[in-house]
Amino acid sequence: MNTTTETQFFARLARITREKGLDTTPGPVEDTPRPELPGHPAYHHRQRVNAALTKFERTTPPRYLTASTEHPRVCDWADQVAADVTQAPSLMLWGGTGTGKTHAAFGAVRRIALTGPTRFGFLATTFPDLYAALRPGASGDQERERLMRRVLSVPVLLLDDLGTTKSSPWTEETTYRIVNHRYNRMLPVILTSNEPPAALPELMGDRIASRLIEMTTRVEMTGADRRLTR
């Protein structure tokens, strides 16, 4: 379009807008996106929460999908992990049968997910199931090593029912590999057990017990067996 044609075009456009009584005064430009649109912090926070909850639900048994906890020390621990996973301690919940250890453990992880952390990864299993999956012959070498790598590196690992399996040189060495790796890389573990922390050396051996005592916040869960009082 040459200059003359362009001038005629805009003149004709101006005449049409006057005839139709259209207001062509430039309006304000909205530079700040709305909360429901990309670019707004609230939008991206919701995206992170949804992504974290999806990962939480993928590895959590149905019974604990809506788990929550109000225990002050457990909530404090979860908030530390949410703030910086590499600066938070591990957590050991111990107490009698039915005192809500597993529920509180999953509730703590769900609390973390609801904060919308920028990095969230989670794996939950029991010590018996973990040993069964890693034991030689349970599956192919590559599959077992892939599981082990995930256990070693996932940001948050939940290991339920410590002390419910018979100890052997193989279980002790496997546990040591997991605990030592996460201890050195400052990646938190949540442990649940019916046994008190004082029993760790007998249950796990001195090498593992020493690391667990140093790296964990230990919380005793008390009360009657909730499963029997429902």
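Refer to the structure above for everything that follows.
Residues numbered from 1 in each chain as written. Predicted model: local features only at pLDDT ≥ 70, side-chain atom pairs only at ≥ 80, totals over all residues. Heavy atoms only, no water.

Caption draft 1: Seen up close, the sheet that holds strand β4 (residues 189-193). Taking strand neighbours across the sheet as the criterion, the five strands line up as β2-β3-β4-β1-β5 in an open arrangement whose pairing is parallel. The sheet is open, and its two edges are formed by β2 (122-126) and β5 (216-221), each paired on a single side. Direction aside, the axes of adjacent strands within the sheet are offset by 15 degrees on average. Pairing of β2 with strand β3 (residues 156-162) involves five bridges; the strand directions are parallel. Within β3, the residue paired with F122 across the bridge is V156. (Pairing = 2+ DSSP bridges. Helix = DSSP H or I, 4+ residues; strand = E, 2+ residues; numbered from the N terminus. Axes fitted to C-alpha atoms, helices over the stretch in contact; angles between N-to-C directions.)

Caption draft 2: Looking closely at unusual backbone geometry. A positive phi is found at D161, a non-glycine position, where the angle reads about 65 degrees. You can see D161 is positioned in strand β3. Judged by its relative accessible area of 31%, D161 is partly exposed. Here M186, not a glycine, exhibits a phi torsion of approximately 55 degrees, which is positive. Relative to the helices and strands, M186 is located in the loop between α7 (169-185) and β4. (Buried < 20%, exposed > 50% of the residue type's maximum accessible area, 1.4 Å probe, protein only.)

Caption draft 3: Seen up close, helix α9 (residues 206-215). By the burial criterion, the buried members of α9 are I208, A209, L212 and M215. Down the axis of α9, the smallest arc covering the buried residues is 145 degrees, so these residues share one side. Opposite the buried face of α9, by more than 90 degrees, sit the exposed residues D206 and E214. Looking at the packing, one finds that the buried side of α9 touches β1 (90-95), β3, α7, β4, α8 (200-204) and β5. (Arc of directions from axis to C-beta. Contact = heavy atoms within 4.5 Å.)

Caption draft 4: The packing of helix α3 (residues 72-83) against helix α4 (residues 101-114), seen in detail. Contact geometry of α3 with α4 gives a least axis separation of 9 Å together with a crossing angle of 40 degrees. Relative to α4, the crossing made by α3 is right-handed. The segment α3 lies against α4, with V74, C75, W77, A78, D79, V81 and A82 engaging A104, A108, R111 and I112. Tallied by class, residues from the contact of α3 with α4 come to nine nonpolar, no polar and two charged. (Left-handed = near helix turned anticlockwise from the far one by under 90°. Nonpolar A, V, L, I, M, F, W, Y, C, P; charged D, E, K, R; others polar.)

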